[in-house]
Amino acid sequence: MIIACPNCGRSLPPEVINAPELRFCPACNSNLLVRVFPANSRAKAVIAPAALALAEGDASCFHHATKRAVSSCSQCGRFLCALCEVDLSGQILCPSCLESGGAKKKIRNLENHRTLWDTTALLLGASPLLLPFPMLYFIFLTGPIAIFLSIRHWKSPSSLIPRTKWRFIVAIVLGLLQVGAVAAIVALLFYSSRAYRPRFEQSKTIPRGPVRKR
Amino acid sequence: MTARPDFPYRKLPGARHGIISGASLWLGIDHILHVKNTRFAEDYRRYYFSDIQAIYLQRTARFAPPPLVVIAVILGLLAILVLSITRHGLAVELGWIFLLFLSAYAAWLCMFRSCICSIQTALGTDRLSCLHRVTAARAAVDRISDHVLTAQGGVQEDVPEQVEATPQPLEHKPPRSREQLFGWLTLPFILLSSVLVMRLPLPIPDTPFAAALGAILAAVILAVLALIAGRGGRFRAVQGALLVLTLLCGLELYGLILVNTYSQPIHIGRTVDTPSLTQFAWAAHMGSIWVAGANIAAAFVTAALLLRNQPSRSNP
């Protein structure tokens, strides 16, 4: 494959490629460091038809009855020909196991997306601090949701790269604080209404005048 | 440092940390993992050592804001200047917010983004957004190269012979012709803006507002020329640096306008003492001299760069 300048798209001369220091592209003067590896000039691997042919006494592929089996799936054990085998990090897989493993997220190397529940819970827990004006009215929701997400996804796979649980812990603490604040506000309202009622009733039962005896 | 068995990845140099998104690069057993973080989720892309064909590292111009940012800054500055005529209070508040954002962006321009790194496989070329500083990118590329060469069973020295067979360009574009043309065009415009700022021979009212407009004009001219002159190299870096400098000068003059605004007597119960207009005129005069000096320096730097860039930018 042609090694082209990423800026102008023109092919680069040999003195620019694999140079120890940055060099300039002669066409556009971009300052470049280009590392080219043997895979660039390597021809694509082509499987010879003779390698696939089934001979007398050979095991056949599970998916192709006329093809010779060369390996077996490390998950289901089915015999596989050279067309069907998929080498994934040293593990031989058949197409069906590869598909099911990718769909059920059993094979880590096939995962391309993960939801970060710990960050979600942390942001929910910290939302009244980050956005006090709109989110302060929703602390009766954000606190319990942050606690729920932290407990529900405590053991869920978080990220492929190293990540600790401190976000979950902080989210639980912030969620508990929000729940406590909501409980305190409710209790305050309740007791203030209770404390106000007798005086109100007392004011209503003020004697209007001397009671006349009949 | 060895990788933990449950996390078979080791961190490679270089990362991008943003408020909304981020990116990082991790070294696996047989591949590198490019992680794009969108705060609530992570997207992964794997590049297996046996599939990597090439890695490119392209140094970019620092202090060179992208065209959209330049346009947004200029429009914002003009809007605040117009507001300062009609509604002083709103202009003052917006001016401070604008200055805050501009300072943050200037710091970002100074501190980040000095290169673009991309990786080529048989399926195409992808950009590694986490490698945006030259030092970290080179360290990462060196570490990746060792693993790739081990996996592909080759050595770096025998690759150029394989690549030499690739077709060479039929013709070379004459380098820097457009940049030089617009670079030379920059000089009279910068000098014109300096004249406007200093208000020497022209019947322009001697107010800091006119000086600020001169600085804005200089910034607009520099921005347009930087956009046209365009692509990469030291020329754009110098243009971008001068643009930021001129904008800062304009902002300082705008600050002087704000001083003038606040120096008017305010009648809320009692009259507030204000600095004398003589002091203000002296400050405005010094500011305009500073802008003019910056523009003249810009002209000299551009001229010097244009004169010496031919030998300095050729391949050694």
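Just so you know, the residues in each chain are numbered from 1, in the order the chain's sequence is written. Naming scheme: in the order in which they are written, chains are lettered from A and ligands are numbered from 1. Local features in this predicted model are restricted to residues whose pLDDT is 70 or higher, and side-chain atom pairs enter the listing and the counts only when it is 80 or higher, whereas totals over whole chains, interfaces and linings include all residues. The side-chain values count all of the structure's non-hydrogen atoms but skip hydrogen atoms and water molecules.

### Some words on the overall build of chain B
Okay, step 1: Counting from the N terminus, the helices are DSSP H or I runs at least four residues long and the strands are E runs at least two residues long. A tally of regular secondary structure across chain B gives eight helices and nine strands.
Okay, step 2: The cut-offs for exposure are 20% and 50% of the maximum accessible area for each residue type, with area from a 1.4 Å probe on protein chains only; residues under the lower value are buried, those over the upper are exposed, and the others partly exposed. Within the span of chain B, comprising 316 residues, buried residues form 44% of the whole.
Okay, step 3: Here the contacts in chain B between residues at least 6 apart in sequence split such that 61% fall between residues at least 24 apart.
Okay, step 4: Shrake-Rupley sampling with a 1.4 Å probe provides the accessible areas, and residues are treated as covered by the protein chains on show and by no other component. By element, 69% of the accessible surface of chain B is carried by carbon and sulfur atoms, the whole surface being about 16,400 Å². In what follows, residue pairs with any heavy atoms lying within 4.5 Å of each other are defined as contacts.

### Description of the overall build of chain A
Okay, step 1: Each helix and strand counted, chain A has six helices and seven strands in total.
Okay, step 2: Along chain A, from the amino end to the carboxyl end, the secondary structure elements read β-β-α-β-β-β-β-α-β-α-α-α-α.
Okay, step 3: Going through the 214 residues of chain A one by one, you find that 34% of them count as buried.
Okay, step 4: Taking the contacts inside chain A whose residues are at least 6 apart along the sequence as the reference set, 29% of them involve residues at least 24 apart.

### Points about the packing of aromatic side chains
Okay, step 1: In this scheme Phe, Tyr and Trp rings, the latter by its six-membered ring, pair at centre separations within 6.5 Å, and the angle between planes marks the pair as stacked below 30 degrees, edge-to-face above 60, and tilted otherwise. In the structure shown here, the tally under the stated rule is two aromatic pairs over all chains.
Okay, step 2: Ring centres 5.5 Å apart and planes at 75° place the aromatic pair phenylalanine 190 of chain A and tyrosine 191 of chain A in the edge-to-face group.
Okay, step 3: The residue whose ring lies beneath lysine 165 of chain A is tryptophan 154 of chain A, and the NZ or CZ to ring-centre distance is 5.4 Å.
Okay, step 4: The ring of tryptophan 26 of chain B carries lysine 11 of chain B above its face, with NZ or CZ at 6.0 Å from the centroid. In this scheme, Lys NZ or Arg CZ marks a charge over a ring once it lies within 6 Å of the ring centre and within 35 degrees of the ring normal.

### What about the nonpolar core?
Okay, step 1: Core analysis: the largest hydrophobic core is formed by 26 residues, its most contacted members being Ile32, Ile52, Ile55, Leu131 and Ile144 of chain B.
Okay, step 2: For this core, the elements supplying multiple residues, two or more each, are β2 (22-27), β5 (54-59), β6 (115-121) and α3 (134-152) of chain B.
Okay, step 3: With seven residues, α3 of chain B is the largest single contributor of residues to this core.
Okay, step 4: Contact partners of isoleucine 32 of chain B, with chain neighbours within four places excluded, come to Leu12, Trp26, Leu27, Arg45, Arg46, Tyr47, Phe49, Ile52, Ile119 and Ile144 of chain B.
Okay, step 5: Definition of nonpolar core: a set of buried residues of the types Ala, Val, Leu, Ile, Met, Phe, Trp, Tyr and Cys, connected through side-chain atoms within 4.5 Å. With 13 residues, the next largest nonpolar core counts Leu12, Ala27, Cys28 and Val34 of chain A among its residues.

### Here's the deal with the sheet that holds strand β3 (residues 31-37) of chain B
Okay, step 1: If you trace the five strands from one edge of the open sheet to the other, you get β7(A)-β4(B)-β3(B)-β2(B)-β1(B), paired in antiparallel fashion. Edge positions in the sheet fall to β7 (113-115) of chain A together with β1 (10-17) of chain B, since each of these pairs with one other strand and no more. Neighbour-to-neighbour, the strand axes of this sheet turn through a mean angle of 20°, independent of strand direction.
Okay, step 2: Criterion used throughout: strands pair if DSSP finds at least two bridges between them. Pairing of β1 of chain B with β2 of chain B, which is carried by five bridges, proceeds in the antiparallel orientation. Every axis corresponds to a line fitted to the C-alpha atoms, with the helix fit spanning only the stretch in contact, and the corresponding angles, defined between N-to-C directions, vary from 0 to 180 degrees.

### Examining α3 of chain B
Okay, step 1: Helices are assigned an expected span. That span is 1.5 Å times one less than the residue count. Relative to the 27 Å expected for 19 residues at 1.5 Å per residue, α3 of chain B spans 26 Å between its end C-alpha atoms, a close match to the ideal helical length.
Okay, step 2: Buried within α3 of chain B are the following residues: Val134, Ala137, Arg138, Ala140, Val141, Ile144, Ser145, Val148, Leu149 and Gln152 of chain B. Down the axis of α3 of chain B, the buried side of the element spans an arc of 160°, and every buried residue falls inside it. What points out from α3 of chain B, more than 90 degrees from its buried face, is the exposed set Thr135 and Thr150 of chain B.
Okay, step 3: Packing partners of the buried residues in α3 of chain B comprise β2 (31-36) of chain A together with β1, β2, β3, β5 and β6 of chain B. The arc refers to the directions leading from the helix axis to the C-beta atoms.

### Points about the sheet that holds strand β7 (residues 124-128) of chain B
Okay, step 1: The strand order β1(A)-β2(A)-β5(B)-β6(B)-β7(B) describes an open sheet built from five strands, whose pairing is antiparallel. This sheet does not close on itself; its edge strands, each paired only once, are β1 (23-24) of chain A together with β7 of chain B.
Okay, step 2: Sheet topology places β6 of chain B next to β7 of chain B; five bridges connect them, and they run antiparallel. Across the sheet, residue threonine 121 of chain B finds its bridge partner in β7 of chain B, namely glycine 124 of chain B.
Okay, step 3: Strands in contact with α3 of chain B are β2 of chain A together with β5 and β6 of chain B; relative to β5 of chain B, the strand with the most contacts, it is inclined by about 170°.

### Digging into helix α3 (residues 117-130) of chain A
Residues and elements named next belong to chain A.
Okay, step 1: The end-to-end C-alpha separation of α3 is 18 Å, in line with the 20 Å expected for 14 residues at 1.5 Å each.
Okay, step 2: Bend angle per residue: angle between axes fitted to the 7 residues ending at that residue and the 7 residues starting there. Along α3, the sharpest change in direction is near 35° and occurs at leucine 124; proline proline 128 comes one to four residues later.
Okay, step 3: Burial in α3 covers these residues: Asp118, Thr119, Thr120, Ala121, Leu122, Gly125, Ala126, Ser127 and Pro128.

### Some remarks on the packing of α3 of chain A against helix α5 (residues 139-152) of chain A
Helix-helix packing is described using two parameters, namely the angle between the two axes and the distance between the axes.
Residues and elements named next belong to chain A.
Okay, step 1: Running from N to C, α3 and α5 point in directions that differ by 155°, and their axes come no closer than 8 Å. The orientation of α3 with respect to α5, classified from their angle, is roughly antiparallel. In the packing of α3 onto α5, the handedness of the crossing is left-handed. Seen from α3, the contacting residues are Trp117, Thr120, Ala121, Leu124, Gly125, Ser127 and Pro128; seen from α5, they are Ile139, Thr142, Ile145, Ala146, Leu149 and Ser150. Our angle categories are set so that under 35 degrees counts as roughly parallel, over 145 as roughly antiparallel, 65 to 115 as roughly perpendicular, and the remainder as oblique. Rotating anticlockwise by less than a right angle from the far helix to the near helix defines a left-handed crossing, while the corresponding clockwise rotation defines a right-handed one.

### Side note on the pattern of salt bridges
Okay, step 1: We define a salt bridge as a contact between a side-chain nitrogen of Lys or Arg and a carboxyl oxygen of Asp or Glu at a distance within 4 Å. By the definition in use, this model includes five salt bridges over all chains.
Okay, step 2: Between arginine 35 of chain A and aspartate 142 of chain B there is a salt bridge, with its nearest N and O atoms 2.9 Å apart. Highlighted residues: arginine 35 of chain A in strand β2 and aspartate 142 of chain B in helix α3, drawn from two different chains.
Okay, step 3: Classification of aspartate 142 of chain B by relative accessible area gives partly exposed; the value is 34%.

### Side note on the confidence of the model for chain B
Okay, step 1: Confidence in the prediction of chain B, expressed as mean pLDDT, is 67, and 33% of residues score 70 or more.
Okay, step 2: A score from 0 to 100, pLDDT tells how confident the predictor is in each residue. Every residue in residues 265-275 of chain B is under pLDDT 50, and counting partners more than four places away or in other chains gives eight contacts.

### Quick look at the side chain of threonine 142 of chain A
Residue and element names in this part refer to chain A.
Okay, step 1: Along the polypeptide, threonine 142 turns up in helix α5.
Okay, step 2: When its relative accessible area of 4% is taken as the criterion, threonine 142 is described as buried.
Okay, step 3: Each residue touching threonine 142, except ones within four places of it in the same chain, is listed here: Leu124, Ser127, Pro128, Met135 and Gln178.

### Some thoughts on the environment of arginine 78 of chain A
Residue and element names in this part refer to chain A.
Okay, step 1: Structurally, arginine 78 is set in the loop between β3 (71-72) and β4 (79-80).
Okay, step 2: For arginine 78, a relative accessible area of 31% corresponds to the partly exposed category.
Okay, step 3: Each C-alpha atom, one on arginine 78 and one on histidine 63, is 9.0 Å from the other, the two residues being 15 residues apart in sequence.
Okay, step 4: When near neighbours in sequence (up to four residues on either side) are disregarded, arginine 78 contacts Phe62, Ser71, Ser72, Cys73 and Ser96.
Okay, step 5: A polar contact is formed between the side chain of arginine 78 and the side chain of serine 96, at a distance of 3.4 Å. Distance and chemistry together define a polar contact, namely a pair of N or O atoms within 3.5 Å, with one atom able to donate a hydrogen and the other to accept it when in protein, and with adjacent residues in sequence counting only for side-chain atoms on both sides.

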